[in-house]
Every structure is written in structure tokens, then in C-alpha cells.
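Letter by letter, the chains look like this.
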Amino acid sequence: MNTINDDYTTISFLKQEVNKFVIERDWCKYHTPKNLVQALNCEAGELSQLLLFKDHSRENILDNEDLLSKIRDEAADVLIYLISLVNSLGFDLTSAFIEKMKKNKKKYDILEFNDGKYYKK
Ligand SMILES: [Mg+2]
């Protein structure tokens, strides 16, 4: 059974994998927070470019093996640079996620945003 998937893989494992990759190539000197944020944005741009000026529905993307593969690659690139940024600054991503979700739940209160509304008036 393949246990390298979202159900069984920890963020800690991903952080170690990215850290090992960076150290083995002696890239730490390039991985400043500024460079990592900019690289993350470049990868998010590559992901965005795949859908730019096209009206792919979700079903259309799922039926397009080549496009889905490219989206997976770019999504992974975004995650890799995000993980590298987290490694560089040494914070706990799960704690950051939990704390931000708490803020989001408060900001987008379920009683106010339970009808599909996506913004405050
Ligand atoms: Mg890329």
C-alpha cells in the first residue's frame, strides 16, 4: 500500500524532504524569505497561466489528462516554495493554519455567510 499520500503524509515529512533537497544543492544562500516569496508567486503565476483566458470547467479539467498533470505540477511547485519559506523562517505551519482558520471563521461568521454570500456589504 502506498502511504505517501495526503492521508498519511505529515507536513513535517514534506518540510524534511524540501530541506534535504535544498541542502544537497547548497541552495540555502538563495533561499532568503524575499526570494522564496517571489518564487512562490512565480509558481502561482505558472499555475494561473494554465487557465488564463480559457473557460475550463472543473469537469473539463478532470477530463484533460495533460492539463490536470500540469496543474498538479504547478500546485506542487507552489507548495514546495511555501514549505521552503516555512523552513527558512522556522515556524509551525499547522499552528499558523489553525490560528488563521480561527480568524477566518470569526471574520466570515457562519450566521452572516451561510447563504453563499462571499463578501461583507
Ligand atoms: Mg513551475
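Owing to the predicted nature of the structure, the values given are computational and were not obtained by experimental measurement.

Colleague: A description of unusual backbone geometry should follow, citing residues and the corresponding values.
Modeller: What you tend to see is this: most non-glycine residues have negative phi, and most peptide bonds are trans. We note that D26 has phi near 55 degrees; this positive angle belongs to a residue other than glycine. If you trace the backbone, D26 turns up in the loop between α1 (11–24) and α2 (33–49). A positive phi is found at F53, a non-glycine position, where the angle reads about 60 degrees. Here F53 shows up in the loop between α2 and α3 (58–63).

Colleague: So, the environment of S48: which residues are in play, and what are the values?
Modeller: Structurally, S48 is set in helix α2. In sequence terms S48 and L85 are 37 residues apart; their C-alpha atoms lie 20 Å from each other.

Colleague: Residue-level account of the packing of α1 against helix α4 (residues 65–89), with values.
Modeller: At a minimum axis distance of 9 Å, the contact between α1 and α4 shows a crossing angle of 85 degrees. The orientation of α1 with respect to α4, classified from their angle, is roughly perpendicular. Contact residues: α1 offers L14, K15, V18, N19 and V22, while α4 offers I80, I83, S84, V86 and N87. Within the contact of α1 with α4, the residues separate by chemical class into 6 nonpolar, 3 polar and 1 charged.

Colleague: Break down α4 for me, citing the residues and quoting the values.
Modeller: Compared with the 36 Å implied by 1.5 Å per residue over 25 residues, the 36 Å span of α4 between its first and last C-alpha is a close match. The complete set of buried residues in α4 reads Y81, I83, S84 and L85. On its buried face, α4 sits against α1 and α2. Residue G90 follows α4 closely and has a positive phi angle near 65 degrees.

Colleague: Residues and numbers for the packing of α2 against α4, please.
Modeller: Between α2 and α4, whose axes approach to 9 Å, the crossing angle comes to 165 degrees. By the angle between their axes, α2 is roughly antiparallel relative to α4. Note that α2 runs across α4; the crossing there is left-handed. Between α2 and α4, the contacting residues are P33, L36, V37, A39, L40, E43, A44, E46 and L47 on the first element and I71, E74, A75, D77, V78, Y81, L82, S84, L85, S88 and L89 on the second. Across the contact of α2 with α4, the residue classes break down as 14 nonpolar, 2 polar and 4 charged.

Definitions and cut-offs
- Residue positions are counted from 1 within each chain, in the order its sequence is given.
- Given that the model is predicted, a residue must reach a pLDDT of at least 70 before its local features are reported, and side-chain atom pairs must reach 80 or more before they are shown or counted; all residues, however, enter totals for whole chains, interfaces and linings.
- In DSSP terms, a helix is any run of H or I states spanning at least four residues, a strand is any run of E spanning at least two, and both are numbered starting from the N terminus.
- The convention used is that axes are lines fitted to C-alpha atoms, helices contributing only their stretch in contact, and that angles between N-to-C directions extend from 0 to 180 degrees.
- An angle counts as roughly parallel when it lies under 35 degrees, as roughly antiparallel when it exceeds 145, as roughly perpendicular when it falls between 65 and 115, and as oblique in every other case.
- Here, residue contact means that the backbone-derived C-beta atoms of the two residues sit within 7 Å.
- Three classes are used: nonpolar for Ala, Val, Leu, Ile, Met, Phe, Trp, Tyr, Cys and Pro, charged for Asp, Glu, Lys and Arg, and polar for all others, with Gly counted as polar.
- Under the convention used throughout, the expected extent of a helix is 1.5 Å for every residue step, that is, one less than its residue count.
- Exposure criterion: with C-beta atoms placed from backbone coordinates, a residue whose C-beta has 20 or more other C-beta atoms within 10 Å is buried, one with 12 or fewer is exposed, and one in between is partly exposed.
- Handedness of each helix crossing follows the sense of rotation of the near helix against the far helix: counterclockwise by less than a right angle gives left-handed, clockwise gives right-handed.

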